[in-house]
Amino acid sequence: MMTIQGNTTVAIASTSPSSKCAICITTNGKQACTANITLTPGPNRTFEFNCTQPQDFFNIEIVRSINCSSNSCASDVTELLSLDFPNFNRTLVWMIKVSPQRSLVLNFPGTGISQINPLENCKDQMTYTILTKTNYNPTSIGTFCRQGAISKINVMNETKLYLRILGKEKVNQPGFTIEITKSIKRLGIVEVVLSPGLTYEFLSPNYPQSFPDDDLMSWNFGVPQKHNATIQFLNYSQPECEKKSVAVEYGLTYTPTISKPLTEVWQNPISGNFNMSLRNCEMTPNDPGILNLQFQVQVSNTSLPARYTIDLQKEYGMHLKIKQKKVNRDCQICISTDCQSEITLQSGNITDLLIRDCNIEHLGMEINKVIGCDDFQNCNVINMPLTIPTVLANLPFSLESFTWQVLAPDNGAIELVPSKGKLQQLLPGQKCSGTFYYKLVKADQSVMGTFCSQGSIEKVQIHSNISVVLLPVEKGNASEAMDPTFNVSIGNEIAESYIFTVSPDKELPVYLVSPHWPAGMPSLASVSWNISLPPKTQAELQFFNTTRPECVKGHAVIGIMGHNSKEEELSFREDVALPGSVTMLQSFWLNITNCESLGRRHVLKVGNAIIVKSQDNTKKIIFGVVCAALAVVAIITTACCVSKRRLKKRREPKVSIYNPGGNMFYPGQGKFPKGRKDNESHIYADIDETMIYGHLLRDTDSSITPEVDVYRPFVGPGGDMPPTPPPVVTRGLPTHIGSSKMIDNELYTFNQHKQKSIPQGNGDGPAQILTEGEGDESLEVENDCENEKEESKL
């Protein structure tokens, strides 16, 4: 009698269909016998075999479905062992489903498992087979036996685990547990813990058939301390690729991931944990061939010398120093029979290096490379990438520093452009979020600045020679070191000592400090920041942590000028306090020029923060309101002046003209009825000169002095542009004053007025500046006089 629980099926199948041995089930008093039967969950079933040795003719397969769609599984894998058939060849199958955002981890605690060829059998007659789905096709991760170096296997997608048990073997434990973890974005990951002095073999998925198309499989190896691991390819096949290419990728502890073709195996011994991945291409649809790989990993003691071949034949101007980070008297770095605690290699040579009794993790390398030119005619340094050679990146030693010394001609300048993204200038105490950071060091070993990635600086131009030093943030993990750090060019001389091109992002503060912070700028040095703002934005420039130098010659000046301006908008000397902030409505230049300073206590240091915001329309609105108000005032003033002039004309005394013998004329007539010589309109019977010219006569002793227009400097608040002084007015007398035409007039001349004292101007000599309207009134009088003179002649 057998009870089958939910999500479980039992299949009994005959291995000899021609035999008479069958399985019989009694239902409602009737017995039915068959060669194959599948039992599903339901009421208790009673069955029996009609032969004495059924284990020789039947195989048993027990399948249990487990749903792991959530973060945990609802079933225990040990429950399947309760349905046991002693003495039968049986297969236990666990069908495990996971959600697309998760992956399955099969843990093999205790003795672990080892991989074998699918055609082989395990010594204890117990074999694990792991299958998963790729594009709806089953793929075998591999076949394994109990006891081995594999501690766990991480599998993507739905998985089937088969445990085949032969004969009389009894199983109390399945030998594995399951758990759910995050997605691994690849077919699988095999975790391996290597043991000293042993050799292990591994096979690619589906071996000897093809590895899945355009997929990735990884092995993570844990190497014991004071031991090295050596990789060897035993057998492999390559497919025909339509896109991409087949590659074997190596990730070591202190070096970046290295990709090599399948035909090129890793030659050097590996110290420390590492991983290896097999990546397939997109194979051709017709006759693609197959991709498979069989390889072994051998573990040896480091007391045996580890050999490394370092080829620097294609490198120029390079020095490589390999040294101990922690002193170990037993550790020896040898070239042939010459063994030292540290050694330096030159470019242009091939060196066979032997490492004896050393912990590779305690060895580091410092690399120095010189590039540049003496004159522009022979200079081809244009957009040259600063990269770490692959031959050095393959070495298992940690990268302590890589220094590029860039040398320019005397009349040249160096331009550094980040190869990826933009740079961020680090302030003291700040840490870089990336793996590496960079220092720019001058020939006198003074640090011009420290930078890392993910910032706003697009370009750095330097007037003098400079060294670019690549440094690790922590343990020399060079995972990003293979990418170019900068593209360097040598060009024509620049006017400043340093020029930074900066393009800040909106709403993200950008912090910039003067070169050689916090030591202070050198004497007579200058720096410019070219700040480019996004469209329709404005920048708030804030100053912080500024110190003033003690100048013995010249002045230290901070200037700000917009890109569209012809002269500086703001300028500050070292004896003037800087404002808290300055708002710029357009892209601008920020320039700092140091004086010849004295001592180290009083130096020039300027820190500034740039915050980019959307353009503020408040100033435009205020400016518009002010302009409107001024327009209204101008209209009112004009109206008042016109009204005043009309009232003045009304109040002026009228002049009586007596024509005793003249003829009268009436309105509407187009002209006088008589000609001018016939009528007597030009004869004046009585003229009161005081009534006509009295307002022009000035008494010498009068206390009333004419107003003089004097330019006063601007003392109020400024706008976006500094106020422009008014144009200079010619301070001499008008040209009509004292003319010969007025001297001949017997009624009135300006000679009397000319001889009176003239008020001084603005310190420019005895010149009179006419007040508004005064010159116009003089012209009116002059014109009246001219008319009178012409009429008198007639």
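All figures in this text were calculated on a predicted structure; none of them were measured in a lab.

## A short note on the overall build of the chain
Within the chain, the secondary structure is distributed over 6 helices and 52 strands. A separation threshold of at least 6 residues defines the contact pool for the chain, and within that pool the share at least 24 residues apart is 80%. Carbon and sulfur atoms make up 49% of the accessible area of the chain, which totals about 44800 Å².

## Digging into the side chain of Gln-425
With respect to the secondary-structure elements, Gln-425 resides in strand S36 (residues 423-425). The exposure class assigned to Gln-425 is buried, which follows from its relative accessible area of 6%. Reaching out from Gln-425, the side chain makes a polar contact with the backbone oxygen of Val-513 at a distance of 3.3 Å. What Gln-425 contacts, discounting residues up to four positions off in sequence, is Gln-430, Thr-450, Phe-451, Ile-457, Tyr-511, Leu-512 and Val-513.

## Observations regarding the sheet that holds strand S28 (residues 332-335)
The 4 strands are arranged S26-S31-S28-S29 in an open sheet whose pairing can be described as antiparallel. Strands at the two margins of the open sheet, each flanked by one partner only, are strand S26 (306-311) and strand S29 (338-340). With strand direction ignored, the average angle separating the axes of adjacent strands in the sheet is 25°. Pairing of S28 with strand S31 (residues 350-356) involves 4 bridges; the strand directions are antiparallel. From the neighbouring strand, Ile-333 faces S31, where its bridge partner is Ile-355.

## Structural notes on the state of the cysteines
Enumeration according to the criterion identifies 8 disulfides in this entry. Each sulfur of the disulfide joining Cys-122 and Cys-145 lies 1.8 Å from the other. Measuring the twist about the S-S bond at about -90°, one finds the Cys-122-Cys-145 disulfide to be left-handed. In this pair, Cys-122 is assigned in the loop between strand S9 (113-116) and strand S10 (126-134) and Cys-145 in strand S11 (residues 137-146), connecting sequence segments 23 residues apart.

## Describing the side chain of Glu-315
By secondary structure assignment, the location of Glu-315 is in the loop between S26 and strand S27 (318-324). Classification of Glu-315 as buried rests on a relative accessible area of 18%. Residue contacts for Glu-315: discarding those within four places in its chain leaves Ser-347, Gly-348, Lys-369 and Pro-389.

## Quick notes on unusual backbone geometry
Trans peptide bonds make up most of the peptide bonds, and negative phi angles are found at most residues other than glycine. In this chain, Tyr-207 is followed by Pro-208 through a cis amide linkage whose omega measures 5°. With respect to the helices and strands, Pro-208 occurs in the loop between strand S16 (199-203) and strand S17 (216-222). The omega angle of the peptide bond from Trp-517 to Pro-518 is 0°, so this bond is cis rather than trans. Along the polypeptide, Pro-518 turns up in the loop between strand S43 (510-513) and strand S44 (526-531). Although it is not a glycine, Gln-125 adopts a positive phi angle of roughly 65°. Checked against the element boundaries, Gln-125 lands in the loop between S9 and S10.

## Quick notes on the environment of Ala-495
Relative to the helices and strands, Ala-495 resides in the loop between strand S41 (486-492) and strand S42 (498-502). Sequence separation of Ala-495 and Ser-528 is 33 residues, and the distance between their C-alpha atoms is 9.8 Å.

## Notes on the sheet that holds strand S52 (residues 605-614)
With respect to topology, 4 strands assemble into an open sheet ordered S43-S52-S45-S49, the strand pairing being antiparallel. In the strand order of this sheet, the two ends are held by S43 and strand S49 (581-584), each with one partner. With direction set aside, neighbouring strand axes in the sheet form an average angle of 20°. Inspection of the sheet shows strand S45 (residues 537-547) paired to S52 by 9 bridges, in the antiparallel sense. Across the sheet, residue Thr-547 finds its bridge partner in S52, namely Lys-605.

## Focus: the pattern of salt bridges
Under the defined criterion, the tally for this structure stands at 11 salt bridges. Residue Glu-315 pairs with Lys-369 through a salt bridge whose shortest N-O separation is 3.7 Å. Of this pair, Glu-315 sits in the loop between S26 and S27 while Lys-369 sits in strand S32 (residues 363-372), and the two are 54 residues apart along the sequence. An identical accessibility class is assigned to Glu-315 and Lys-369; each is buried.

## Description of the packing of aromatic side chains
Counting across every chain of the model gives 17 aromatic pairs. Taking the centre distance of 5.3 Å and the plane angle of 70° together, the rings of Tyr-438 and Phe-486 count as edge-to-face. Note that Tyr-438 is positioned in strand S37 (residues 436-441) and Phe-486 in strand S41, a separation of 48 residues in sequence. An aromatic cluster is present here, built from Phe-202, Trp-219, Phe-221, Phe-274 and Phe-295 joined pairwise through their rings.

## Quick word on the pairing of strand S39 (residues 457-462)
Sheet topology places strand S35 (residues 412-418) next to S39; 3 bridges connect them, and they run antiparallel. Looking at S39, one finds that Ile-414 is bridged to Ile-462. Examined bridge by bridge, S39 and S42 share 5 bridges and lie antiparallel to one another. Within S42, the residue paired with Lys-459 across the bridge is Thr-501.

## Points about the environment of Glu-158
Within the fold, Glu-158 resides in the loop between strand S12 (150-156) and strand S13 (159-165). Setting aside chain neighbours within four positions, we find Glu-158 in contact with Met-95, Ile-96, Lys-97, Val-98, Leu-131, Thr-132 and Lys-133.

## Structural notes on the environment of Asn-220
Within the secondary structure, Asn-220 sits in strand S17. In this structure, the C-alpha to C-alpha distance between Asn-220 and Gly-251, residues 31 residues apart in sequence, is 9.2 Å. Leave out the neighbours within four places in its chain, and Asn-220 touches Ile-189, Val-190, Glu-191, Val-192, Phe-274 and Asn-275.

## What about the confidence of the model for the chain?
Close reading of the predicted structure is inappropriate where its pLDDT is low. Mean pLDDT for the chain: 76, with 74% of residues reaching 70 or above. Overall, residues 647-679 carries pLDDT values under 50, and its contacts beyond four positions in sequence, including any with other chains, amount to 22 contacts. In the predicted structure, residues 697-794 sits below a pLDDT of 50 and forms 76 contacts with residues beyond four places in sequence or in another chain.

What counts, and at which threshold
- Residues numbered from 1 in each chain as written.
- Predicted model: local features only at pLDDT ≥ 70, side-chain atom pairs only at ≥ 80, totals over all residues.
- Heavy atoms only, no water.
- Helix = DSSP H or I, 4+ residues; strand = E, 2+ residues; numbered from the N terminus.
- Contact = heavy atoms within 4.5 Å.
- Areas by Shrake-Rupley, 256 points an atom, 1.4 Å probe, with all protein chains shown as cover.
- Buried < 20%, exposed > 50% of the residue type's maximum accessible area, 1.4 Å probe, protein only.
- Polar contact = N/O pair within 3.5 Å; in protein donor to acceptor, adjacent residues only side chain to side chain.
- Pairing = 2+ DSSP bridges.
- Axes fitted to C-alpha atoms, helices over the stretch in contact; angles between N-to-C directions.
- Disulfide = S-S within 2.5 Å.
- Salt bridge = Lys/Arg side-chain N within 4 Å of Asp/Glu carboxyl O.
- Phe/Tyr/Trp six-rings, centres within 6.5 Å; stacked < 30°, edge-to-face > 60°.
- pLDDT = per-residue confidence, 0-100.

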